[in-house]
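Observations on chain architecture
Here are the chains, one letter per residue:
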Amino acid sequence: MREPVVSESVSETSEGPAETPVEPVQAPDPSAESAAEEATEETQAAEITFDEQFYPARPKALRPIARRRQFFAARPSLEFDGLNKTYVDWLRNQSMLGDANTMARQLSGQASMWQNAYARPNPRAAVEKAPVWFTAYPLSFITRENQSFLAALGDPELWKAFREIGIRGLHTGPVKLAGGISGWSQTPSVDGHFDRISMAIDSAFGTEEEFRQMCEIAAEHDGTVIDDIVPGHTGKGADFRLAEMNFRDYPGIYHMVDIPEEDWHLLPDVPEGKDSVNISPEAEQALQQAGYIIGRLQRVIFYEPGVKETNWSATRPVADTTGQVRRWVYLHYFKAGQPSINWLDPTFAGMRLVVGDALHSLLDLGTGALRLDANGFLGVEKSAEEQPGWSEGHPLSEAANQLIGSMIRKVGGFSFQELNLTIDDIKAQSEAGADLSYDFITRPAYHYSLVTGDTEFLRLTLRLAMEIGVDQASLVHALQNHDELTYELLHFAAGHRDDVFELGGEELTGAEVAEKVQQTLRERLTGESGPYNALFTTNGIACTTASFIMAAIGIQDPDSVTPEQEAQIRDVHVLLSMYNALQPGVFALSGWDLTGIIALPRDVVGELTAQGDTRWINRGAHDLMGTRPDAVRSAAGMPRARSLYGSLPEQLKDPDSYARRLQEILRVRETSGIATSTLLDVPDVSNRALLVLVNQLGDGNLEVTVLNFSDQDIAGSIQSPHLVPGATVHDLFSSTDVGQVDDLHSFFLELGPHQGTALVLREPEPVEEEPAAGSAN
C-alpha cells in the first residue's frame, strides 16, 4: 500500500485559483518510517457487480487505493527541497507518477486487459458511439447556486435536452487539478487547466463521485463522456518539484538537463519570487554549443518578447535529497509552467505517468473516451549544426501516440487528438494512434469561405485531404472550442511552403497561400471590421462563432445589433453547423455556440489577457440551462458574456431558434447515416459561393450536401461524375423530390442566402424486359 492517510492534501483542500496552504493534523507513527520507501501495492477484491455476472469479459472499474495523502505532525522547516524528508514524502503522495504506479499494480495480469482489439484506430466505431459532441469548458459554465460544474453536467434535465436535440457525447474539458505547487501551497493554472498536476478532480469543479454520477446519467441517455489527458506536458506540481530534487526516476518524466555548477554562468539569474526564467536565444545557443541541450526548435509556440523567446527555461538552485544544489534547464513547448514530458527516457517515467492518467479516467471515473492534448510534440531530436531541432512530425510522436491509442482501445475506449499539423502528418498520426483527429484542415477554410463568399480555398483543402488519404469520417468537425480560431495553415505555411497551388486565378506558393488567407482573415475579422475580436499571437484570432459571424457580415458594434441582424447571425450559424454536420465524421459544438455568445470586452478580462493571451475574450461565462439568470460570473470567476439565443429550455420552446434548427440538422444526419458515410467528390461549382460534397452512405446510396456561403440567392447546376442519370433527387429536410439527374450527371437547384440542404439520390428501378412473343416460359 502507499503511505497511510490522516491529513488532507492540497488536491482535496484547494478551493480554486487562490493559493491554499495545507494544514497538517496528526503526528506520524514512528513505525511508519519505512513508508518513505516504495512498497508493493495490494489490490482489494471488489464485490462482483450485475454487469460482471453477465459480461465477465468487461473490464472492471478498479479504483486506486489511498492516493495523495500523507502523515506528518507539524509544519517542519520552510526549506522546500530534498533535505526536508517530510516535504518530499508529502509531494510523493500527490504525484501523478505515484498514482500511475498504483493503477498499474491493480491492472497488471488481469484477463480483462485482453478482451478488446487495440492495434488499429477505428474511427467509424467511435463516430457511431458518439456522433455529436457538446464541448464544455469548466471555467465558463454557470451552474445553480452551490452546484458544482460536474453536478450540472450530470443533471438529467441537461441530458434530456441533449438527447432531444441529438447530442450524444460530452467532452468535459480539463477538470483535474492543474497549475503548480509552491512550498505547501497550490498555485493557479497558467493555461486553462491544461497544466495538469494531479489525477484528483479539482474541488472547484466537483468531486470524483459527481464525475462518476455524470458518466452514469450520460449512459442512461445513450451518451458518452469524454475526458482529457495531456501526453505532452504537466504543470509544475509534485512530479516536477520531485524532478528538481533529482528524486528517484522523477527527472526522467521531463526533458530536463542538470547543468553543473561550473557552467551556471551560462544560465540567466532567476528573478526574486520566481522559480524559473526563460533563457534568451543567445543563452540557448551557448548551452547548445556546450553540449547540454539541442537548442532551438522548429518554432516557438506562444512567442512573446520578454516572456517566452525560446522553448527552454532554467530553474532556480534546488537542493536534492543528498544536499547537492542543482540547476536544470527544461523544455516547454508551451508556457514555462508546462514542462514537456520525455517519451524516450530510460526510466520511461513520463510514459508511465500518461498511461496511468488515461487508465484512471477510463477504468476508475467511467469515461468512454479521451482527448489527447498536445500529443503532436512528443519527440525531439538534435539536427545538423545551425539547423533547428526536429520537433514536429517526429516518428517518436507517432510511436507514442500508437501506444496511447492502443492502451485506450485495449480497455474499450476511443480517443481523439488535436493536432494542428500538415495534412500529411495528420494522415501519418491517424494510422496507428488516436481514432479521431480534430479538423484543423478545413476549419480556417470554411471561415475564409464565409468572409469572401468564395469556397475555392475550402474545396482545395478538402481535395488535398482526399488525395493524401485522410478519411473525413476520422475527423472531428467543430464550431467553437475554448481556443482561438486557429489559422496557422501549417500544411501550406510549413510542410508545403514551396509547392505551387492555384487560388483566385493566381499560382501561389504554399507560403503565399497561407499569408493571403491569414491576412484576409486578419483584415476582415479584427481591427475596424471587428473591434470586439483580437489577434492571438501568430496562431489565429480570438473570437466566438457569433462574433466571427458578426465581423464577416459587417457588424461593427455589438451593442447596436438589430433583431434582423440577429436573425442573420443565426442563419449563418446554422449554415456553419450544416457544413460541419452534413459530412462524414464527428460534429462538435460548445455552449458558446448553443447560446450564441459574443466575445467579452477586453477590459472585462484585462487581468487575464495582460500577458498576451487574448483567448479569454472568447471564453465568456454562459448559462446553458437558464439556471441562474441573475449571475454575473461563473463559479470560477469568468464574467458572463452576452447571449443572442438564450438558454436551451427557452430555445426548445421556439421552432425557429438555433437549437430547434440544429435538432433538424442532426435528425437528418442521424436518419441518413451521413456521419459514417464516405466522401467521394468535391466537384467544381457553377457559382463560386457554392460548396458541394458527394458522400456515399452505408446503404450504397449517394448523399449530396449543398451549401451557399453568400448573402445572395443562387440558382445553378450541381454536377459530378458520381451522379447517376435518371436518379431522383430527394430533399432530406423537406422530404420532397426536387429534381432528377440528367444525362450530363447534373441537376438544377436553388438556394437562398446562407442556406444549405442535404439530398439523397434514389436510382431508378431497373425495368424488366418483356419476354419476346412465342418464347418459352
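Along each chain, residue indices are assigned from 1 in the same order as the chain's sequence is written. In keeping with the predicted nature of the model, local features appear solely for residues at pLDDT of at least 70, side-chain atom pairs appear and are counted solely at 80 or more, and the whole-chain, interface and lining totals rest on all residues. As a convention, hydrogens and water are excluded, and side-chain values are obtained from all of the structure's heavy atoms.

Here a helix means four or more residues in a row that DSSP labels H or I, a strand means two or more in a row labelled E, and each is numbered from the N terminus. Helix and strand counts for the protein stand at 23 helices and 30 strands. Going through the 777 residues of the protein one by one, you find that 59% of them count as buried. Only heavy atoms matter for contacts: two residues are in contact if any of them lie within 4.5 Å across the pair. Here the analysis covers contacts within the protein between residues at least 6 apart in sequence; of these, 73% occur between residues at least 24 apart. For the protein, the accessible area works out to roughly 30,600 Å², and carbon and sulfur atoms hold 49% of it. When accessible area is computed with a 1.4 Å probe and restricted to protein chains, residues below 20% of their type maximum are described as buried, those above 50% as exposed, and intermediate ones as partly exposed. Each accessible area is a Shrake-Rupley result for a 1.4 Å probe, and residues are judged covered by the shown protein chains and nothing else.

With that settled, the discussion passes to the sheet that holds strand 17 (residues 485–486). One open sheet accounts for three strands, arranged 17-21-20; its pairing is antiparallel. The sheet terminates laterally at strand 17 and strand 20 (534–536), the two strands that pair on one side only. The pairing of strand 17 with strand 21 (residues 540–542) spans two bridges and is antiparallel. Counted as the bridge partner of threonine 486 is glycine 540 from strand 21. Strand pairing is defined by DSSP finding a minimum of two bridges between the two strands.

Our next topic: the pattern of salt bridges. When a carboxyl oxygen of Asp or Glu lies within 4 Å of a side-chain nitrogen of Lys or Arg, that pair is called a salt bridge. Within the structure shown, the criterion is met by 40 salt bridges. Notably, a salt bridge pairs glutamate 244 with arginine 241, separated by 3.0 Å at the nearest N-O pair. Taken together, the residues span about one helical turn, with glutamate 244 and arginine 241 both in helix 9 (residues 238–244) at a distance of three residues. For arginine 241, a relative accessible area of 7% gives the class buried. If you follow the salt bridges from partner to partner, you end up with Asp191, Lys335, Asp483, Asp613, Arg615 and Arg619 in one network.

Turning to helix 17 (residues 510–525), a few remarks are in order. Under the convention used throughout, the expected extent of a helix is 1.5 Å for every residue step, that is, one less than its residue count. A rise of 1.5 Å per residue sets the reference length of helix 17, with its 16 residues, at 22 Å; its end C-alpha atoms lie 22 Å apart and thus fit the reference within 8%. Restricting attention to buried positions, one finds in helix 17 the residues Gly510, Val513, Ala514, Val517, Gln518, Thr520, Leu521 and Leu525. Projected down its long axis, helix 17 carries its buried residues within an arc of 160 degrees, all on one side. Positive phi shows up at glycine 527, right after helix 17, with a value of about 65 degrees. In this description, the arc belongs to the directions extending from the helix axis to the C-beta atoms.

Take the environment of methionine 407 next. One can find methionine 407 in helix 12 (residues 395–410). For methionine 407, a relative accessible area of 22% translates into the label partly exposed. Taking the C-alpha atoms as reference points, methionine 407 and tyrosine 118, 289 residues apart in sequence, are found 7.1 Å from one another. Leave out the neighbours within four places in its chain, and methionine 407 touches Met113, Val355 and Leu359.

What follows covers the side chain of histidine 193. Residue position: histidine 193 is located in the loop between strand 5 (185–187) and strand 6 (196–201). At a separation of 3.0 Å, a polar atom in the side chain of histidine 193 contacts the side chain of aspartate 202. Among residues more than four places away in sequence, those in contact with histidine 193 are Leu139, Pro174, Lys176, Ala178, Asp202 and Phe205. Identification of polar contacts relies on pairs of N or O atoms within 3.5 Å, with a donor-acceptor requirement for protein atoms, meaning one able to donate a hydrogen and the other able to accept it, and with residues adjacent in sequence counted only if both atoms are side-chain atoms.

What follows concerns the pairing of strand 27 (residues 728–731). Regular strands have side chains that alternate between both faces of the sheet. As paired elements, strand 27 and strand 28 (residues 736–740) share four bridges and run antiparallel to each other. Paired with histidine 730 across the strands is aspartate 737, a residue of strand 28. Counting the residues between successive antiparallel strands, the hairpin from strand 27 to strand 28 contains four residues, one of them, serine 735, with a positive phi of roughly 55 degrees. Examined bridge by bridge, strand 27 and strand 30 (residues 756–762) share four bridges and lie antiparallel to one another. Paired with histidine 730 across the strands is valine 760, a residue of strand 30.

Our next topic: the confidence of the model for the protein. Scored between 0 and 100, pLDDT is the confidence that the predictor attaches to each residue. Here the protein averages 89 in pLDDT, while 89% of its residues score no lower than 70. Contacts of residues 1–76 to residues separated by more than four positions or lying in other chains number 164 contacts, the stretch itself having pLDDT below 50.

The next subject is the nonpolar core. As used in this record, nonpolar core signifies buried Ala, Val, Leu, Ile, Met, Phe, Trp, Tyr and Cys residues forming a set joined through side-chain atoms within 4.5 Å. Phe457 and Phe709 are the most contacted members of the largest nonpolar core, which totals 119 residues. No other element matches helix 19 (residues 563–581), which puts eight residues into this core. Once residues lying within four places of it in the same chain are set aside, the contact partners of phenylalanine 709 are Tyr446, Ser449, Leu450, Gly453, Thr455, Leu458, Leu575, Leu576, Tyr579, Ala689, Leu691 and His754. If you look at the next biggest cluster of nonpolar residues, it comprises 50 residues, including Met96, Ala200, Trp343 and Val411.

Two aromatic rings, drawn from Phe, Tyr or Trp (for Trp, its six-membered ring), form a pair once their centres lie within 6.5 Å of each other, and the interplanar angle then sorts them: stacked below 30 degrees, edge-to-face above 60, tilted otherwise. Counted under the stated rule, the structure contains 25 aromatic pairs. Aromatic pair phenylalanine 149 and phenylalanine 205: ring centres 6.2 Å apart, planes at 70 degrees, arrangement edge-to-face. Of the two residues, phenylalanine 149 sits in helix 6 (residues 149–153) while phenylalanine 205 sits in the loop between strand 6 and helix 8 (208–220), which places them 56 residues apart along the sequence. Taken individually, phenylalanine 149 and phenylalanine 205 each receive the classification buried, so the pair is uniform in this respect. Aromatic side chains phenylalanine 334 and phenylalanine 377 sit 5.7 Å apart centroid to centroid with 85 degrees between the ring planes, which places their arrangement in the edge-to-face category. Linking phenylalanine 334 in the loop between strand 12 (325–331) and helix 11 (349–365) with phenylalanine 377 in the loop between strand 13 (369–372) and helix 12, this pair joins segments that are 43 residues apart in sequence.

This part covers the sheet that holds strand 7 (residues 224–229). Here we have eight strands rolled up into a closed barrel, ordered 1-2-7-13-14-15-16-22, and parallel in their pairing. Neighbour to neighbour, the strand axes of the sheet diverge by 30 degrees on average, direction disregarded. Bridge analysis of strand 1 (residues 132–135) against strand 2 (residues 169–171) gives three bridges, and the strand direction is parallel. Opposite threonine 135, over in strand 2, you have histidine 171 as the bridge partner. All axes are obtained by fitting lines to C-alpha atoms, using only the stretch in contact for helices, and the reported angles, taken between N-to-C directions, cover 0 to 180 degrees.

Before going further, it helps to examine the packing of helix 14 (residues 443–452) against helix 18 (residues 545–552). Running from N to C, helix 14 and helix 18 cross one another at 35 degrees; their axes reach a closest spacing of 9 Å. In terms of crossing hand, the pair formed by helix 14 and helix 18 is right-handed. Along the contact surface, helix 14 presents His447, Leu450 and Val451, while helix 18 presents Phe548, Ile549 and Ala552. By convention the crossing between two helices is left-handed if the near helix lies anticlockwise of the far one by an angle smaller than a right angle, and right-handed if it lies clockwise.

Another point: the environment of alanine 369. Relative to the helices and strands, alanine 369 resides in strand 13. When its relative accessible area of 0% is taken as the criterion, alanine 369 is described as buried. A sequence separation of 46 residues divides alanine 369 from serine 415, and the C-alpha atoms of the two residues are 5.3 Å apart. Dropping the residues within four chain positions of it, alanine 369 is found in contact with Thr224, Val225, Ile226, Asp227, Leu362 and Phe414.

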